[in-house]
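Each chain, letter by letter, is given below.
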Amino acid sequence: MGLNDTPTSERIHIGFFGRRNAGKSSLVNAVTNQQVSVVSSVRGTTTDPVTKTMELLPLGPVMIIDTPGFDDEGELGELRVNRTREILRRVDIAILVIDANTGKRNEDKEIINIFKSLKIPYIIAYNKCDLTETAVYSDGLMVSARNSINIDELKNRMAKLIKPNFSQKSICRDLVRQGDLVVLVMPIDSSAPKGRLILPQQQTIRDILDVNACALCLQESELKQFISKTYKPPSLVITDSQVFKRVSEIVPERIPLTSFSILMARYKGFLKTAVRGAIQLDRLRDGDKILISEGCTHDRKCGDIGSVKLPSWINEYTGKNLDFSYTSGLGFEENLSDYSLIIHCGGCMLNEKEMQSRMNRAEENDIPFTNYGTAIAHINGILKRSLKVLPEFNQFNFSDNN
């Protein structure tokens, strides 16, 4: 997968924030060396977040996000500020743009406090330094979007804020070795994207190839025959969650088994939380509200896993009368207090920062949080088996749900 094909969720998200007319859009254009944002002298020209995916040296594949002024006013202004706050939940780096002629104001101090509360690495860029001869600020970098002053230095400082292991994450590279045979069970049904594979499947195949192992892809209808006839049992079987139960019945206990969704929760950094959340299914009561959330906005089919299959399986498993709500894409409930459980998709279309934000908001409200595959494994009584292949779960104690 080339840099131009890097999924949005795998890119470094860089957000530009600040007051109206601080020169955010001009600075975005200078950093990217492209006309990404419309620029004018009118305050509040940027009314909605503007995004641009590109390769930005020395950082690599990035998503640049230009946001409306944080001091926008009126009813529409409030909506724009809320959109800006949503962006904050998924950025890896924040650039606070301040007009060097006016200096830091209360709105700037407010957003710095938000950066700190969300643990977002940030840089203060004092823009329009070419228009002032006296202003000097020790807590940021003096830049000029118009004259390209310190633009390269700004990019170098952004690169230094990136975690050293940002690009070193993997789906399953640490679970397989050279020469291993890994079977990937990938059902093709009405909800499968036509002519392509979903992102977790692509990433898993790439991981397997990276360690010189062999990836064998098949549908669940072919699995039993393959297992019975192969002379070399696979070192690992990874399945789509929708057919987890059937696959677990076909694959002998001696062969490690897990799912794309469980591996994705691990990849996004919330698998232990997802395991604790799945166990909450056993504690649900009549009338409890469950939020089922997806990170993508695909067209829901009649057999959609999130809105059809999963609620049906949960109702059958719990025997309770439950109330389900649904969100998709970048939309996520602001008020979570009414929910007893949140079940999220694998999050392949959301970056790790966004997934961590959603998980943290659930934990702040003391609401269990899990994902599709982990919940489905628990419902089918195969969660422990699905985690055995993961070394970090060797000491996990299910009895006290720690």
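In this report, we go over the structure that sits alongside the text. (Residues numbered from 1 in each chain as written. Predicted model: local features only at pLDDT ≥ 70, side-chain atom pairs only at ≥ 80, totals over all residues. Heavy atoms only, no water.)

### So, the environment of Asn29
Part 1: Mapping Asn29 onto the fold places it in helix H1 (residues 24-32).
Part 2: Separated by 116 residues in the primary sequence, Asn29 and Ala145 have C-alpha atoms spaced 7.9 Å apart. (Helix = DSSP H or I, 4+ residues; strand = E, 2+ residues; numbered from the N terminus.)

### Observations concerning the pattern of salt bridges
Part 1: The tally for this structure, following the rule as stated, stands at 14 salt bridges.
Part 2: Between Arg173 and Asp207 there is a salt bridge, with its nearest N and O atoms 3.2 Å apart. Here Asp207 lies in helix H5 (residues 199-210) and Arg173 lies in the loop between helix H4 (151-161) and strand S7 (181-185), a separation of 34 residues in the sequence.
Part 3: The exposure class of Arg173 is partly exposed, given its relative accessible area of 29%.
Part 4: Judged by relative accessible area, Asp207 falls into the buried class, the value being 5%.
Part 5: Its salt-bridge partner being Asp174, residue Arg266 comes within 2.5 Å of it at the nearest N-O pair. (Salt bridge = Lys/Arg side-chain N within 4 Å of Asp/Glu carboxyl O. Buried < 20%, exposed > 50% of the residue type's maximum accessible area, 1.4 Å probe, protein only.)

### Observations regarding unusual backbone geometry
Part 1: One non-glycine residue, Asn21, adopts positive backbone phi at about 65°.
Part 2: Of note, Asn21 is situated in the loop between strand S1 (12-18) and H1.
Part 3: Owing to a relative accessible area of 34%, Asn21 belongs among the partly exposed residues under this scheme.
Part 4: Of note in the backbone geometry, Lys128 takes a positive phi value of approximately 65° without being a glycine.
Part 5: Mapped onto the elements of the fold, Lys128 is located in the loop between strand S5 (122-127) and strand S6 (141-142).

### Remarks on the nonpolar core
Soluble, globular proteins show a tendency: their nonpolar side chains are buried together.
Part 1: Ranked by internal contacts, the top residues of the largest apolar core, which has 76 residues, are Leu223, Leu271, Ile290, Ile314, Ile343 and Leu390.
Part 2: Per-element tally for this core: the top contributor is helix H8 (residues 260-268), with 6 residues.
Part 3: Beyond its immediate sequence surroundings of up to four residues, Ile343 is in contact with Ile290, Leu291, Ile292, Ser293, Leu310, Ile314, Thr370, Asn371, Tyr372 and Ala375. (Core = buried A, V, L, I, M, F, W, Y, C linked by side-chain atoms within 4.5 Å. Contact = heavy atoms within 4.5 Å.)

It is worth stressing that arrangement in space is one thing and function is another; only the former is reported here.
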